[in-house]
2 protein chains.
Amino acid sequence: MSDVPSDSFPDRKRGSGVKLVYDLLRDEILDLTLPPGTPIDEVQLAERFGMSRTPIREALVRLAGEGLVETLPNRSSMVANIDVLNLHTFFDALTLMYRVTTRLAAQHHRPEDLVLIRAHQRAYDAAMRSTDALGMIANNRAFHAAIAEAGRNPYYLTFFLRILDEGRRLLRMYYQSFEDRLPEEFSKEHDAIIAAIEARDIELCDRLARAHADQIIGRIQKVFTRDLRQDIAL
Amino acid sequence: MSDVPSDSFPDRKRGSGVKLVYDLLRDEILDLTLPPGTPIDEVQLAERFGMSRTPIREALVRLAGEGLVETLPNRSSMVANIDVLNLHTFFDALTLMYRVTTRLAAQHHRPEDLVLIRAHQRAYDAAMRSTDALGMIANNRAFHAAIAEAGRNPYYLTFFLRILDEGRRLLRMYYQSFEDRLPEEFSKEHDAIIAAIEARDIELCDRLARAHADQIIGRIQKVFTRDLRQDIAL
DNA sequence: GCCGCAATTCTTGTCGACAAATAAAATACA
DNA sequence: TGTATTTTATTTGTCGACAAGAATTGCGGC
């Protein structure tokens, strides 16, 4: 409340308010700036963004539609919780989508797709070298999203993006637990996947995607079981 | 405009307006009562439901989030079109979800799940015998949704429901083209799937689900290619 | 008669305000 | 002192109104 909120977002164009709030809130949720369970007050947001409650509300409705915000009738909404007990169902879906999108990319990719995919992988690698966890997460998502785009199935793409975003929160937790120091395996696996896509080797893509998923899932699970054991031990 | 719209929806409880509009609009879109491309006027809907534009707007935002309504900035929204050119990607996703959910149902189902699944299949069969196309579509959806629920993966369930709803519009077209006279194969295939789930035979479930998908897809494709040929011929 | 520009109408995006529903606080009572 | 009840306060759901932008109509020029 110390700064002047209305000056932070000067005269925006008509129709841009919702997108502004939506994008920012979404990022803050996925980066854990707003941890799960954080209550969301509409008036507070309205003051912060210097606009009426109406566009805020619309942004919240959209976020609720994506499952990032949970809303109880007549009561304050809050940032959606991460269902730790059902994590295995998430991992199952993640693995399947890794495999399917990578297979399809091997089948349907065009040369310009590979340029994009490689660019994201380079950015990922650079972020890794400078231990920039947020950059790694963003570029990892962009990398796999680009692969899914190359597969040219909008249904898989939409679903995969949703899974990846949900995973962004888990990855953030994972990286936090390692204090942003990270293994290099992921980057090498990315390179192998790119090569397999370029070679149009569908079966190899499948195996690599599955291994990549196993790699990530195994590490994340270790974090959560460790946390769980600590909770029980005390 | 002949009846009295404000009397059709008498004093509803606070918070029920959005759901009312959302459910009804959704049904009308999926049943093709509102064909793809139909423009949606907010004031008109507000008058029809006897409420302000605010809840209408929220319902539209949610429908847009599900891809059932397309909205252009500062311009009237409209019922989403069906992308006939990318139908094969839809069929691909549908087949995969049929297989995955049926496999998972074989693994994780409990006795009470089968009761529900059987009930929906009986209702489907009854609707078929009385050539009630809308009833068939609704119960077909409920049947497969119940299988997905028995698989106990909320991510697959959400995605599958979305695919099934998108398919509801295609099925409606299909049934319309056959003037609501329908083949009995679907019902028999449903019975076989139930038996395989109960026997917990994962591989059989996979084969049956794939065959079921092929069956439906083949028939729908025939309708669309036939329409296409007519368009070209004239 | 046709095309380009201006005025108007029409629809959406945003606003401020009010009322219902719930949560919190204060009070009364055993 | 603890509990039930009333009162207050906070927060959401809905409303009517206004303004910006787009579509349409009307007008004038060629």
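All figures in this text were calculated on a predicted structure; none of them were measured in a lab.

Comments concerning the protein's contact with DNA strand C
With respect to spatial proximity, 22 residues lie near DNA strand C, and among them Arg14(A), Ser52(A), Arg75(A), Arg53(B) and Arg57(B) are the closest. Expressed as a percentage, the sugar and phosphate content of the atoms of DNA strand C within 4 Å of the protein is 64%. Residue Ile40(B) places a main-chain N or O atom 3.3 Å away from a phosphate oxygen belonging to DNA strand C. Here a phosphate oxygen of DNA strand C sits 3.1 Å away from a polar atom, N or O, in the side chain of Asp41(B). Among the secondary structure elements, those contributing two or more residues to the surface near DNA strand C are α2 (17-30) and α4 (53-65) of chain A together with α4 (53-65) of chain B. Here the residues of the surface near DNA strand C are counted per class, giving four nonpolar, eight polar and 10 charged.

Regarding the packing of aromatic side chains
Residue and element names in this part refer to chain A. For the structure shown, the criterion picks out seven aromatic pairs over all chains. Here the aromatic rings of Tyr 98 and Phe 160 are separated by 5.7 Å at their centres, their planes lie at 75°, and the arrangement is edge-to-face. With Tyr 98 in helix α5 (residues 87-108) and Phe 160 in helix α8 (residues 154-177), this pair connects stretches of sequence that are 62 residues apart. Phe 160 shares its class with Tyr 98; the two are buried.

Digging into the relation of the copies chain A and chain B
Note on the copies: chain A fits chain B at an RMSD of 0.1 Å, the axial shift is 0.0 Å, and the rotation between them is 180°. Here the copies are linked by what is in effect a two-fold axis. When the interface residues of chain A are mapped onto chain B, 100% of them again lie at the interface, so the same face is used by both copies.

Concerning the environment of Pro36(A)
Residues and elements named next belong to chain A. For Pro 36, the position within the fold is in the loop between α2 and β1 (39-40). Put simply, Pro 36 and Val 69 are 33 residues apart on the chain and 9.0 Å apart in space, counted from C-alpha to C-alpha. Residue contacts for Pro 36: discarding those within four places in its chain leaves Val 79, Ala 80, Asn 81, Ile 82 and Arg 169.

Some remarks on the sheet that holds strand β2 (residues 69-70) of chain B
Residue and element names in this part refer to chain B. Spatially, three strands are ordered β1-β3-β2 in an open sheet, and the strand pairing comes out antiparallel. Two strands in the sheet have a free side with no partner beyond their single neighbour: β1 (39-40) and β2. Two strands pair when backbone bridges link them, and β1 and strand β3 (residues 77-79) are joined in this way by two bridges, in the antiparallel orientation. Opposite Ile 40, over in β3, you have Ser 77 as the bridge partner.

Side note on the interface of chain A and chain B
Contact residues are listed per partner, giving 24 residues for chain A and 24 residues for chain B. Along the contact surface separating chain A from chain B lie two salt bridges. Among the ionic pairs, Glu58(A) bridges to Arg57(B), the shortest N-O distance being 3.1 Å. On the surface where chain A and chain B come into contact, there are nine residue pairs in polar contact (both at pLDDT 80 or more). Counting only elements with at least two residues in the side of chain A that touches chain B, the list comes to α4, α5 and α8 of chain A. At eight residues, α8(A) tops the list of elements feeding residues into the side of chain A that touches chain B. When its residues are assigned to classes, the side of chain A that touches chain B shows 11 nonpolar, five polar and eight charged.

As for the confidence of the model for chain A
All names here are of chain A. This prediction gives chain A a mean pLDDT of 89; 89% of its residues lie at or above 70. The lowest-confidence element of chain A is helix α1 (residues 5-8), averaging 48 in pLDDT; the highest-confidence one is α5, averaging 97. Note that residues 1-6 has pLDDT below 50 and, in this model, four contacts with residues that lie over four places away or in other chains.

Describing the protein's contact with DNA strand D
The immediate surroundings of DNA strand D are formed by 21 residues, with Arg53(A), Arg57(A), Arg14(B), Ser52(B) and Arg75(B) found nearest. Considering DNA strand D, the proportion of its atoms within 4 Å of the protein that are sugar or phosphate atoms stands at 63%. Separating a phosphate oxygen of DNA strand D from a side-chain N or O atom of Asp41(A) is a distance of 3.2 Å. At a separation of 2.6 Å, a phosphate oxygen of DNA strand D approaches a polar backbone atom of Ser52(B). Elements that contribute at least two residues to the surface near DNA strand D include exactly α4 of chain A together with α2 (17-30) and α4 of chain B.

About the criteria used
- Residues numbered from 1 in each chain as written.
- Chains lettered and ligands numbered in written order.
- Predicted model: local features only at pLDDT ≥ 70, side-chain atom pairs only at ≥ 80, totals over all residues.
- Heavy atoms only, no water.
- Near = heavy atom within 4 Å.
- Polar contact = N/O pair within 3.5 Å; in protein donor to acceptor, adjacent residues only side chain to side chain.
- Helix = DSSP H or I, 4+ residues; strand = E, 2+ residues; numbered from the N terminus.
- Nonpolar A, V, L, I, M, F, W, Y, C, P; charged D, E, K, R; others polar.
- Phe/Tyr/Trp six-rings, centres within 6.5 Å; stacked < 30°, edge-to-face > 60°.
- Buried < 20%, exposed > 50% of the residue type's maximum accessible area, 1.4 Å probe, protein only.
- Least-squares fit on C-alpha atoms with pLDDT ≥ 70 in both.
- Contact = heavy atoms within 4.5 Å.
- Pairing = 2+ DSSP bridges.
- Salt bridge = Lys/Arg side-chain N within 4 Å of Asp/Glu carboxyl O.
- pLDDT = per-residue confidence, 0-100.

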